[in-house]
Amino acid sequence: MNAAQLVLAGWGLLICGAAACAVVSARRNLVGPLAFLFVVGSSVLVLPAALSVLVQNRAAETGALLALPGVQASLAFRVDQLSALFLLITAVIAPLATLYSIPYMLKYRNQGLLRYYPLFLLFFAGLIGVVCAADWLFFLVFWEFMTVCSYFLVIFTKEDRTAARAGLKYIVMTHGATALMLIAAIVTWKTAQPHSFSFEAAKATMAQLAATRPVLLHVLLALWFVGFATKAGVLPLGDWLPDAYPAAPSGAAAVFGGMMSKFGIYGLLRVFLDMVPACEFSTVWGIVIAVAGASSIFLGTLSALAQDDSKRLMSFHVIGQIGYMLLAIGAGIYLLPVNGALAALAIMAGVFHLVNNVCYKTLLFFTAGSLSFRAGETNLNRLSGMWTVMPVTGVAALIGSLSIAGVPPFNGFASKWMIYHATILGVPGMPLFLLLGILALFVSLVTLASFLKFLGGAFMGPTALREEEAEKGDVPFAMQFPQMFLAALCIAFGLVPMLALAGIHRAVGAVLPVQSVPSLSSLVGNSWAGLQLSAFGGEATGVWYPVVVLGALAVGMAFAYWVFRLGAAPRRAVDMWQCGALVDGALARYLVVEPKHEPATAQFEARFQAHGLYSCFKVAFRSVYPSVPLPHAGYPTRFMKIFDVDAWLFGPLVRLGNRLTGALSRTHSGVPQMYLIWQLVGLVAVVVLLAVWAN
Amino acid sequence: MDPVVMTLLVVPFAGALLCGVLSRGAKAAAALVALVVMALAIITVWQAWPLFPDGWNTTFGQLSWMPGGLGSIQLFGALVDPLSSLMLLLVTVVGFVVVLYSTGYLTSRNVEHAYREGDNRYYFWLLFFLGSMVGVAVSPNLLQMFLFWEMTTICSWALISHTHTGVAQRAGFKALVITHIGGLGFLVALAFLLVFAQSFEFTALGKLGGGMKTAAFLLLLAAAWAKSAQVPFHTWLPDAMEAPTPISAYLHAAAMVKAGVFLVARLIQASWEMPSLFGAVLLAGALVTILMAVINYFRQDDLKRLLAYSTIAHLGYVMVGCALGVYGSWMGFQGGVLHILCHGVAKGTLFLCAGALAYGAGTRSISKLQGMGRRMPLVGAAFMVGALAVTGIPPLATFWSKLYIFAGALDVRAGGVLLAVLAVESVVAFSWFIYVGHRIFLGEPSEEAETTPLPAAMSVSLVIGMLLCVLAPVVGVPLVRMILP
């Protein structure tokens, strides 16, 4: 049994699991663990398969499972190194999210779980299908399948109008994007000789189009880009994202924010690396992707600052973080025709950031979910002091926040550092990338600020919970474990980046359109203790050894402590900083700018407004992501009348007919003499006719 | 083969007479007859399958006293080729589902309209219609098709005005008049064919000379447009929504309106070399129809009227496929034919959902229905599956037919524009159906949402409908791939 067949078996297990969960969905306590069992079973099959593909550095394929000769498409699971990387991610995150859902979903007492677990499992099956398809038609089939499953998860709380609206926006925008991609796929299919949807044929076709019909290729690439960028949430196509993700139950939201968005990146890598040869198209589209990424970084993250809802805040960061990946990948694609080694480094940086992002973004969504699970609240203005109630979640949130903000030695730093390196140092001939890199660097600080708000708002300060609620303590272990696991991953990838980069190098290498892929050691060094980047081959241009830095820090702190003891400085007792200050004798979280006057919780809110520090951003960036109201269809009445055939054609015709028959019926006067005259007239007419005919 | 097909043609009419005689047992008898018809149709297709793409053909009946070559014209018979198999399966399978559904729907417990129990008139006409549709599907020539064609028109009139309210009678009459005027075109075209080509075969059109050919084609096309509710003959279909909902599901989604596009498909398949003018007329008509239907989506509050406009648009899709066939795109033609089947089952399912809502809540008004998902989860699921299937979400029904049409569109000049237009329509229709689904099934339940439970017969029909949405392309794609010029 080869790796692809194993993955197929895991995929089948998910489908069976969905059916099984549908059958037992009425048993609320049983269906969650059952779903978890199936997902774990599937991961046990998928994980070693994906690892073996990466270790052997060779793609695996099942035979054709389903052939559609009519449209020259065939379904086969093909696991190459890039797919394997995403399969690894899925296989790790899926069980964690399902485990997390078990206690969380019991919260929804009046919603049937039939609409959660089966769809959740089918959604994972869709994800696996997307990365394993080697045929654009089936890729899109799986893609849309995954989208529809996730849409039903978004509208899970069916009484909630906000969720319904968010779901509508989500499905409409992503379906439109899929339609664009379907058009691109069909045009590619049509151009291929002989017609075929397979990846190989598409690759050959694109290479041929690049030489013969560049305009068409640009149009196709634009369609693919818009399609995938919509899914990834790239601005302004990601308008749906901050509405949709918070609406889903937290287990699903974590998977959407942590994982699903990144499958848009998978698509982009598949098209722009695997399909398009390194040529002037790479230059153009590299810049487009990088600029789209940078604008997402900037606007997404700055919008996040203004959010008071923890899940919305996370969602905007999904957009911002996707921007980092796109910036690096765009730079890499731009560099392809110029400098293959540096291109490889930039793309690896982007993909590394993707892997790291999966870890901490899922983690952060989990912590936001835990907060809402325990406190029943996602508004940071009303949350407070949860650290004392749920310390484990607090630690996890801290690690996640520091990781996403790019604080060393966590994993976010390692990948962001590589991105800055590649963009700022790496593209000397193109000052645009320097600018974008510096922008990204700056926005990292904004990220830190917004997560300070999250941490400070939710975890610091006095607790807002009632005592009996607070006594329940931290979330159940099934929710703690996924958080701890991912936090550990964040630290592990931060301390030993090579752990992830070894696999990423193979994943990227498999699709990089260059003659010979530079070796891992020539790009990032060969030490497990850290990274030694060499942007231009040969000499190292940047070095990062987290263990060494940590060691030096430890030594420094020991030294400071030694000096402190030596000097015998007096001890002062001060209150612990709770992310706030004393204002008018009362502890306020931040400077209060717009106090609210509602009774009940007003006083609490006034004192503990989480957004006080950021109100200027709230004002300045309010309209960055305007919520677009659905247009009301109204037509000019005259226009509509054209199609109202009854009114101007049939109606008059019927009336005319009525009038004619009415007129004719008047001849029936009932007077015998009149009938005789009619007969006479008729006779004369016939005679005249015959006479005319005879002549 | 012979006895099976002949039984198939006779059984529904015999069943109709039986239902007319019975009073209490009409329900059960009708369901049984429909089941038998479905089984016979499946057997027929099964037996004819090895003979495809030619299929199985038999003819009889001549007017030997007619002068000249007219005496040797074959009048009647049966033809089971891939195209008629597709139509046959559609009308009999959906027919069975609809009869089953009707046994639960037409009861005094129906909140929207309490039907008199033991009303055998309904089942008489329904089975009569089923037989007529089978006749249309297996017709080997235009004459026989015309006879059955007009029989479906009469059934349509009777079934639309079934409730005998003033509005319903008016709607039935309107449908009768408009489709019958179209039918006159058919009759005149038959006369042309008899006189100038001395044949009623589907290929006879090709034997006519230039101007006469165009005239005959346009007359036949007018008949098809009227039957399939294409612009400018579309106005009867939305009004026909006064019919009992199972009738709308059957006549106005799956079967009768498909007769028109079926005729066009037959003509194009038979006389492959058609002037491109015909294609242009077909395509223009179809696009105008689709445009008209789409802009009317947004103005409908009656769920059934919305579905009616959607049906009109999808019949336009089939016409687009046929037009592509005229332009030489085999793939587009196959897609159009496949769309007959795929749209039939998907839209049928949606109509059954609309009926279930009306049965339980007593209204079809989109603005009054709200939060029905809590009261009728099965209907919600079926509506969503139907909506996704009808708008072409993979891997459900119409995705495959639309894929074929889209791919075929690229075969013709400026096909990219056509592709873009169809894709836009597709996305808009999808958005609107999802929006309507949200309006009806999500949110807090409204007053109307206090519902009576559905009878088992209706629930089972909905489940079968959902299954058909998945299975239709599995049968349909191999069939249409065997449709050759």
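Residues numbered from 1 in each chain as written. Chains lettered and ligands numbered in written order. Predicted model: local features only at pLDDT ≥ 70, side-chain atom pairs only at ≥ 80, totals over all residues. Heavy atoms only, no water.

## Notes on the overall build of chain B
(1) Moving on: Per the secondary structure count, chain B includes 19 helices and two strands.
(2) Moving on: Taken over C-alpha atoms, the radius of gyration comes to 21 Å for chain B, in line with the 23 Å a tight globule of 485 residues would show.
(3) Moving on: In terms of overall dimensions, chain B has a C-alpha envelope of 70 × 55 × 45 Å along the principal axes.
(4) Moving on: Partitioning the contacts of chain B with sequence separation of at least 6, the portion at a separation of at least 24 is 79%.
(5) Moving on: As presented, chain B carries roughly 14,800 Å² of accessible surface, and 68% of it is formed by carbon and sulfur atoms.
(6) Moving on: Positive and negative charge centroids in chain B, built from 24 and 19 side chains respectively, lie 2 Å apart. (Helix = DSSP H or I, 4+ residues; strand = E, 2+ residues; numbered from the N terminus. Rg over C-alpha atoms; globule rule 2.2 N^0.38 Å. Contact = heavy atoms within 4.5 Å. Areas by Shrake-Rupley, 256 points an atom, 1.4 Å probe, with all protein chains shown as cover. Lys, Arg positive; Asp, Glu negative; His and termini not counted. Charge placed at Lys NZ, Arg CZ, Asp CG, Glu CD.)

## Re helix 13 (residues 340–375) of chain A
All names here are of chain A.
(1) Moving on: With 36 residues, helix 13 should reach 52 Å at 1.5 Å per residue; the first-to-last C-alpha distance of 51 Å fits that figure.
(2) Moving on: Asn357 marks where helix 13 bends most, by close to 30°.
(3) Moving on: The element helix 13 is extensively covered by neighbouring structure, given that 33 of its 36 residues are classed as buried.
(4) Moving on: Its side-chain oxygen 3.2 Å from the backbone nitrogen of Ala341, Asn339 forms the N-cap of helix 13.
(5) Moving on: Note on helix 13: the residue one or two positions beyond its end, Gly376, has a positive phi of about 65°. (Expected span 1.5 Å × (residues − 1). Bend = angle between axes of the 7 residues up to and from the residue. Buried < 20%, exposed > 50% of the residue type's maximum accessible area, 1.4 Å probe, protein only. Polar contact = N/O pair within 3.5 Å; in protein donor to acceptor, adjacent residues only side chain to side chain.)

## Quick word on the side chain of Thr157(A)
(1) Moving on: Following the sequence through the fold, Thr157(A) ends up in the loop between helix 5 (136–154) and helix 6 (161–191).
(2) Moving on: Thr157(A) sits in the buried class, given a relative accessible area of 17%.

## As for empty space enclosed by the protein
(1) Moving on: The tally for this structure, following the rule as stated, stands at three cavities of 30 Å³ or more.
(2) Moving on: If you go around the largest cavity, you meet 17 residues; those closest to its centre are His175(A), Ala179(A), Leu182(A), Gly392(B) and Phe399(B).
(3) Moving on: Among the secondary structure elements, those contributing two or more residues to the lining of the largest cavity are helix 5 and helix 6 of chain A together with helix 17 (397–409) and helix 18 (415–441) of chain B.
(4) Moving on: Residue composition of the lining of the largest cavity, by class: ten nonpolar, five polar and two charged. (1 Å grid on protein atoms, 1.4 Å probe; cavity = no way out; pocket = protein on both sides within 12 Å on 5 of 7 lines; lining within 4 Å. Points joined across faces, edges and corners; volume = space filled by probe spheres on them. Nonpolar A, V, L, I, M, F, W, Y, C, P; charged D, E, K, R; others polar.)

## Brief notes about unusual backbone geometry
(1) Moving on: Across the junction of Phe52(B) and Pro53(B), the peptide omega takes the value 5°, indicating a cis bond.
(2) Moving on: One can find Pro53(B) in the loop between helix 2 (26–48) and strand 1 (56–60).
(3) Moving on: A cis amide bond links Pro394(B) with the next residue in sequence, Pro395(B), at an omega value of 0°.
(4) Moving on: In this structure, Pro395(B) sits in the loop between helix 16 (377–391) and helix 17.
(5) Moving on: Phi at Asn57(A) is positive, roughly 55°, even though this residue is not glycine.
(6) Moving on: Position of Asn57(A) among the secondary structure elements: in the loop between helix 2 (28–56) and strand 1 (60–61).

## Let's talk about the nonpolar core
(1) Moving on: Counting 441 residues, the largest nonpolar core has Trp136(A) and Tyr250(B) as its most contacted members.
(2) Moving on: When residues of this core are assigned to their parent elements, the largest contribution, 21 residues, is made by helix 13 of chain A. (Core = buried A, V, L, I, M, F, W, Y, C linked by side-chain atoms within 4.5 Å.)

## Quick word on helix 22 (residues 546–567) of chain A
(1) Moving on: The first and last C-alpha atoms of helix 22 of chain A sit 31 Å apart over 22 residues, in line with the 32 Å expected at 1.5 Å per residue.
(2) Moving on: Directly beyond the C-terminal end of helix 22 of chain A, a positive phi value near 50° is found at Ala568(A).

## A closer look at the domain arrangement of chain A
(1) Moving on: Partitioning chain A into domains gives domain 1 (1–277), domain 2 (285–568) and domain 3 (639–694).
(2) Moving on: Each of domain 2 of chain A and domain 3 of chain A was reduced to a C-alpha centroid, and the two centroids are 87 Å apart. (Domains from an automatic or database assignment.)

## Looking at the confidence of the model for chain A
(1) Moving on: Predicted confidence across chain A gives a mean pLDDT of 88, with 91% of residues reaching 70 or more.
(2) Moving on: Taken together, the stretch residues 591–600 of chain A has pLDDT below 50 and engages in 14 contacts with residues farther than four places along the chain or on a different chain. (pLDDT = per-residue confidence, 0-100.)

## Brief notes about the pattern of salt bridges
(1) Moving on: Counted by the stated rule, this structure contains 17 salt bridges over all chains.
(2) Moving on: Glu112(B) is paired through a salt bridge with Arg364(B); the nearest N and O atoms lie 3.1 Å apart. Of this pair, Glu112(B) sits in the loop between helix 3 (82–105) and helix 4 (120–138) while Arg364(B) sits in the loop between helix 14 (330–361) and helix 15 (372–375), and the two are 252 residues apart along the sequence.
(3) Moving on: Between Arg364(B) and Asp302(B) there is a salt bridge, and its shortest N-O distance comes to 2.7 Å. Of the two residues, Arg364(B) is situated in the loop between helix 14 and helix 15 and Asp302(B) in the loop between helix 12 (276–297) and helix 13 (303–326); the sequence distance between them amounts to 62 residues.
(4) Moving on: For Arg364(B), a relative accessible area of 13% corresponds to the buried category.
(5) Moving on: When salt bridges with common partners are traced through the structure, they connect Glu61(A), Arg78(A), Asp80(A), Lys203(A), Arg270(A) and Asp274(A) into a single cluster. (Salt bridge = Lys/Arg side-chain N within 4 Å of Asp/Glu carboxyl O.)

## Comments concerning the interface of chain A and chain B
(1) Moving on: Each partner contributes residues to the interface: chain A has 41 residues there, and chain B has 44 residues.
(2) Moving on: Between chain A and chain B, the buried area comes to about 3,800 Å², and carbon and sulfur atoms account for 76% of it.
(3) Moving on: On the surface where chain A and chain B come into contact, there are three salt bridges.
(4) Moving on: Remark: the boundary between chain A and chain B carries ten residue pairs in polar contact (both at pLDDT 80 or more).
(5) Moving on: Listed by contribution, the elements that provide at least two residues to the side of chain A that touches chain B are helix 5, helix 6, helix 25 (637–643) and helix 26 (645–665) of chain A.
(6) Moving on: The element that contributes the greatest number of residues to the side of chain A that touches chain B is helix 6 of chain A, accounting for 15 residues.
(7) Moving on: Here the side of chain A that touches chain B is composed, by residue class, of 29 nonpolar, six polar and six charged. (Buried area = accessible area lost by both parts, 1.4 Å probe.)

## Some thoughts on the environment of Ala84(A)
(1) Moving on: The residue Ala84(A) is located in helix 3 (residues 81–105) in this model.
(2) Moving on: Taking the C-alpha atoms as reference, Ala84(A) lies 6.5 Å from Val53(A); in sequence the two are 31 residues apart.

## Here we look at a nonpolar patch on the surface
Residues and elements named next belong to chain A.
(1) Moving on: Taken together, the side chains of Val671, Met674, Tyr675, Ile677, Trp678 and Val681 make up a nonpolar region of the molecular surface, amounting to roughly 530 Å² of accessible area.
(2) Moving on: Looking at the element boundaries, Met674 is found in helix 27 (residues 672–694).
(3) Moving on: With relative accessibility at 37%, the residue Met674 sits in the partly exposed group. (Patch = residues over 30% accessible without salt bridge, like charges linked within 9 Å, V, L, I, M, F, W, Y side chains within 5 Å.)

## A few points about the pairing of strand 2 (residues 76–80) of chain B
Residues and elements named next belong to chain B.
(1) Moving on: Burial analysis of strand 2 places four of its five residues in the buried class, the great majority of the element.
(2) Moving on: With five bridges joining them, strand 1 and strand 2 adopt antiparallel strand pairing. Paired with Thr59 across the two strands is Gly77, which belongs to strand 2. (Pairing = 2+ DSSP bridges.)

## As for the state of the cysteines
(1) Moving on: Going through the model one piece at a time under the given rule, you end up with zero disulfides over all chains.
(2) Moving on: The closest cysteine sulfur to the non-disulfide-bonded Cys359(A) is located on Cys490(A), 5.3 Å from its own sulfur.
(3) Moving on: We note that Cys322(B) lacks a disulfide partner, and the nearest cysteine sulfur, in Cys342(B), lies 14 Å from it.
(4) Moving on: Note on Cys322(B): relative accessible area 0%, which makes it buried. (Disulfide = S-S within 2.5 Å.)

## Some thoughts on the environment of Leu68(A)
(1) Moving on: Tracing the sequence through the fold places Leu68(A) in strand 2 (residues 66–68).
(2) Moving on: In the structure, Leu68(A) is positioned 84 residues away from Phe152(A) in sequence and 29 Å away in space, judged by C-alpha atoms.
(3) Moving on: Setting aside anything within four residues of it in sequence, one finds Leu68(A) in contact with Ala73(A), Ser74(A), Leu137(A), Phe138(A) and Trp400(B).

## Quick word on the packing of aromatic side chains
(1) Moving on: Summed over the entire model, instances satisfying the criterion amount to 61 aromatic pairs over all chains.
(2) Moving on: Ring geometry for Phe413(A) versus Trp544(A): centroids 4.7 Å apart, planes at 70°, classification edge-to-face. Here Trp544(A) lies in strand 6 (residues 542–544) and Phe413(A) lies in helix 16 (residues 411–425), a separation of 131 residues in the sequence. We note that Phe413(A), like Trp544(A), is buried.
(3) Moving on: On the basis of an interplanar angle of 75° and a centroid distance of 5.3 Å, the ring pair of Phe124(B) and Trp125(B) is categorised as edge-to-face.
(4) Moving on: Residue Phe124(B) is classed as partly exposed on the basis of its relative accessible area of 21%.
(5) Moving on: Judged by relative accessible area, which is 18%, Trp125(B) ranks as buried.
(6) Moving on: One cation-aromatic arrangement involves Lys231(A) over Trp143(A); the distance from NZ or CZ to the ring centre is 5.8 Å. (Phe/Tyr/Trp six-rings, centres within 6.5 Å; stacked < 30°, edge-to-face > 60°. Lys NZ or Arg CZ within 6 Å of the ring centre and 35° of its normal.)

## Brief notes about the environment of Val24(A)
All names here are of chain A.
(1) Moving on: Relative to the elements of secondary structure, Val24 occurs in the loop between helix 1 (3–23) and helix 2.
(2) Moving on: Spatially, the C-alpha atoms of Val24 and Arg270 are 39 Å apart, while their sequence positions differ by 246 residues.
(3) Moving on: Every residue in contact with Val24, bar those within four places of it in the chain, is listed here: Leu30, Val31 and Leu34.

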